[in-house]
Amino acid sequence: MQIKPFRIEHYFGKYEFTTRYLLSSSDAESRTVQELLDLEPGAQECLLKQRCGYTESPGGPALRQAISGIYRGIKPEHVLAVSAAEEGIFVFYHALVGPGDHVIVEIPCYESALEVARSTGAQISEWPRRYEDGWVHDLAALEKMIQPNTKIIYINTPHNPTGLLMPANVLQHVMKLASSRGILVFCDEVYRELEHDPANRLPAACEIYERAVSLGSMSKSYGLPGLRLGWLVCKDAELLARCLEFKYYTTICSSAPSEILTAVALRHREVLAQRNREIVLRNLPLLDSFFRQRANLFEWIKPNAGPIGFVHFKPQRDVFLFCEDVARKAGVLLLPGTVYDQPHHIRFGYGRKNMPEALAHLSAYLDAQA
Ligand SMILES: Cc1ncc(COP(=O)(O)O)c(C=O)c1O
């Protein structure tokens, strides 16, 4: 298997733990183990008594029950637990496609959605969205890309990096295009439940199409990436069984303590998501007015979901060098759009409590440069 370096994770690997202020993180504010255990009477005792043995490969019954509770019409047997979304992406593509197959991937995207697909030997078509067009989804272009051997369409909503929800009619249209041809839809929904207005929540792909797989994770909306726990959900038992076959070669099963903590967290997920929504809604107007005050440098389409947004960087400067300079001199981590092949953009994250402080440091840096 040949695979390209993962530029997003490489950049974070270099700066995430050495830069004081994280102003581009895609995970919302986290919690301690104690805070999770305090959510439910008896949880602490249960965790302490848990044997550190193997767990069931598809996920233990309590975990699959808790995950299925997020969705409408989904039963525990429709759930395959994975060691966070990253494993879900790897397992899904490698289990289901290879040379001779064709995969369509919405871009810009979280890099593994594209590169893991490519690493299977499948032929890849990129379905682009552009800032200049308001990040709209060009459905006619998608339809034209479909080939007789198209096996998967990958979409992502709420979207990394724009922080935008796919409009409901677009989601329906994608499902129609796919279902009329028996194509699988792989829908990355790791930012689901952090819609800025919960009324705008879309149905999960697995709820509305038998051959759609929804990808979920504890990492983002709930702020618990350290649990390394995610899931693939699909009503088609055969698809899920093939993913499970592949999982036997990656992690076999999830971490036993993480399964317990995840099940507790999911039984109280509204508390977690609501606290993070409050942080995001407090931070977003500050960030928006910062961009307006600095309209000579930045412009964006304001996000409506999740804790990230993708900002057009107006100066004719190398955005990668700019972000590196900000990290080194201001101690503020921004993510250059070059890691998404978008050299005139920067990803901002606003899901952390200390975002106003991070923004003040970025402001001071920009003033000093001016
Ligand atoms: C859209 C998207 N999918 C998947 C992942 C991987 O998340 P996890 O921490 O659950 O592996 C990320 C992480 O940034 C992401 O943004």
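Further up the page is the structure itself.
All of the points below concern the structure found in this document. (Residues numbered from 1 in each chain as written. Predicted model: local features only at pLDDT ≥ 70, side-chain atom pairs only at ≥ 80, totals over all residues. Heavy atoms only, no water.)

Topic: the state of the cysteines
Taken as a whole and judged by the stated rule, the model has 0 disulfides. Sulfur of Cys253: no disulfide; nearest cysteine sulfur belongs to Cys52 and is 11 Å away. In this model Cys323 remains outside any disulfide bridge; the closest cysteine sulfur is found in Cys109, 19 Å from its own. (Disulfide = S-S within 2.5 Å.)

Let's talk about the side chain of Glu189
Structurally, the position occupied by Glu189 is in the loop between strand 6 (184-188) and helix 9 (205-208). Arg192 provides the closest opposite charge to the buried, unpaired Glu189, separated from it by 4.5 Å. At a separation of 3.1 Å, a polar atom in the side chain of Glu189 contacts the side chain of Ser214. If we ignore the near neighbours within four places in the chain, the residues touching Glu189 are Tyr71, Thr157, Ala204, Ala205, Ser214 and Leu215. (Helix = DSSP H or I, 4+ residues; strand = E, 2+ residues; numbered from the N terminus. Buried < 20%, exposed > 50% of the residue type's maximum accessible area, 1.4 Å probe, protein only. Lys, Arg positive; Asp, Glu negative; His and termini not counted. Salt bridge = Lys/Arg side-chain N within 4 Å of Asp/Glu carboxyl O. Polar contact = N/O pair within 3.5 Å; in protein donor to acceptor, adjacent residues only side chain to side chain. Contact = heavy atoms within 4.5 Å.)

Brief notes about helix 14 (residues 355-369)
Across its 15 residues, helix 14 extends 21 Å between first and last C-alpha, which sits within 8% of the 21 Å expected from 1.5 Å per residue. Among all positions in helix 14, only Met355, Ala358, Leu359, Leu362, Ser363, Tyr365 and Leu366 are buried. When helix 14 is viewed along its axis, its buried side chains cluster within an angular range of 160° and face the same direction. Taken together, the buried residues of helix 14 touch strand 1 (21-22), helix 12 (269-293), strand 9 (298-300), helix 13 (319-330), strand 11 (332-333) and strand 13 (345-349). (Expected span 1.5 Å × (residues − 1). Arc of directions from axis to C-beta.)

Focus: the pattern of salt bridges
Applying the stated rule across the entire model yields 23 salt bridges. Here Lys329 makes a salt bridge to Asp325, at a shortest N to O gap of 2.9 Å. With Lys329 and Asp325 both in helix 13 and 4 residues apart, the pair spans about one turn of that helix.

Concerning the site of the ligand
Taken together, 14 residues form the shell around the ligand, and within it Asn160, Asp188, Tyr191, Ser217 and Lys220 come nearest. Note that an oxygen atom of the ligand is positioned 2.9 Å from one of the backbone N or O atoms of Ala85. Within the complex, the protein chains bury 95% of what would otherwise be the 400 Å² of accessible surface of the ligand. With 3 residues, the top contributor of residues to the shell around the ligand is helix 5 (residues 84-96). Classifying every residue of the shell around the ligand by side-chain character gives 5 nonpolar, 5 polar and 4 charged. (Near = heavy atom within 4 Å. Areas by Shrake-Rupley, 256 points an atom, 1.4 Å probe, with all protein chains shown as cover. Nonpolar A, V, L, I, M, F, W, Y, C, P; charged D, E, K, R; others polar.)

What to know about the pairing of strand 3 (residues 102-107)
Burial of strand 3 is extensive: 6 of the 6 residues sit out of reach of the surface. Because side chains alternate across strand 3, one face comprises the buried residues His102, Ile104 and Glu106, and the other comprises Val103, Val105 and Ile107, equally buried. Crossover handedness for the path strand 3 to helix 6 (residues 111-119) to strand 4 (residues 123-128): right-handed. Of the pairings in the sheet, the one linking strand 3 to strand 5 (residues 150-156) comprises 4 bridges and is parallel in character. Note on strand 5: the bridge partner recorded for Ile104 is Ile153. (Right-handed = clockwise from strand over helix to strand, strands pointing away. Pairing = 2+ DSSP bridges.)

Overview of a nonpolar patch on the surface
On the surface, a nonpolar cluster with roughly 360 Å² of combined accessible area is contributed by Tyr54, Tyr248 and Ile252. Residue class for Tyr54 comes out exposed when judged on its relative accessible area of 71%. (Patch = residues over 30% accessible without salt bridge, like charges linked within 9 Å, V, L, I, M, F, W, Y side chains within 5 Å.)

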